[in-house]
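# Structural overview
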Amino acid sequence: MAQEIQVTFDCADPAGLATFWALALGYRVQDPPAGFESWEAALTAMGVPPERHNDASAVVDSDGRGPRLYFQRVPEGKEVKNRVHLDVRAAPGLTGDARMAALEAEADRLVAHGATRLRRQEPGPPSDAGHLVMADPEGNEFCLD
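Below is a summary of the structure that appears in this document. (Residues numbered from 1 in each chain as written. Predicted model: local features only at pLDDT ≥ 70, side-chain atom pairs only at ≥ 80, totals over all residues. Heavy atoms only, no water.)

## Let's talk about helix H1 (residues 14-25)
Counted at 1.5 Å a residue, the expected span for H1 with its 12 residues is 16 Å, and the 16 Å between its end C-alpha atoms agrees. If you check which residues of H1 are buried, you get Pro14, Leu17, Ala18, Phe20, Trp21, Ala22 and Ala24. (Helix = DSSP H or I, 4+ residues; strand = E, 2+ residues; numbered from the N terminus. Expected span 1.5 Å × (residues − 1). Buried < 20%, exposed > 50% of the residue type's maximum accessible area, 1.4 Å probe, protein only.)

What follows is the structure in structure tokens.
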């Protein structure tokens, strides 16, 4: 039986990073528990002090196919390159110039929402498909491929 996975991000602003990744992936911020209109109302009812309301957030795939992404506040900032990163499949089925144009368009969209473009890998060996290396608003690397 296949196991479900969750990808966890350590970060400074869980709500902000969750909003970015929901937009980047077409996900949505996870709904609050049943009976609550908002996470603020749920957390208040649970006795969580207001200064702790942004300790965590999560986004989910509306179609239920992709993994849940969980964002947790940590005191330290990002210091080195990620050892694991997400590849966002922004140009499936496209090749050559059409592929790179689609990746560039997606990069522009994400930059407008806080991402940073790091570099462009032109098509060529070992893979004939180029890609763009990006960073989310807190500096976590990911690829548009």
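There's more to say after this.
## Describing the packing of aromatic side chains
Taken as a whole and assessed by the stated rule, the structure comprises 5 aromatic pairs. Judged by centre distance (4.9 Å) and plane angle (70°), the ring pair of Trp21 and Phe142 falls under edge-to-face. You can see Trp21 sitting in helix H1 and its partner Phe142 sitting in strand S8 (residues 141-144), a full 121 residues away along the chain. Classification of Trp21 by relative accessible area gives buried; the value is 0%. (Phe/Tyr/Trp six-rings, centres within 6.5 Å; stacked < 30°, edge-to-face > 60°.)

## With respect to the side chain of Glu141
Mapped onto the elements, Glu141 comes out in strand S8. Among the polar contacts made by the side chain of Glu141, one reaches the main-chain amide nitrogen of Asn82 at a distance of 2.9 Å. Setting aside its immediate chain neighbours within four residues, Glu141 contacts Lys78, Lys81, Asn82, His85, Leu86, Leu118, Met134 and Ala135. (Polar contact = N/O pair within 3.5 Å; in protein donor to acceptor, adjacent residues only side chain to side chain. Contact = heavy atoms within 4.5 Å.)

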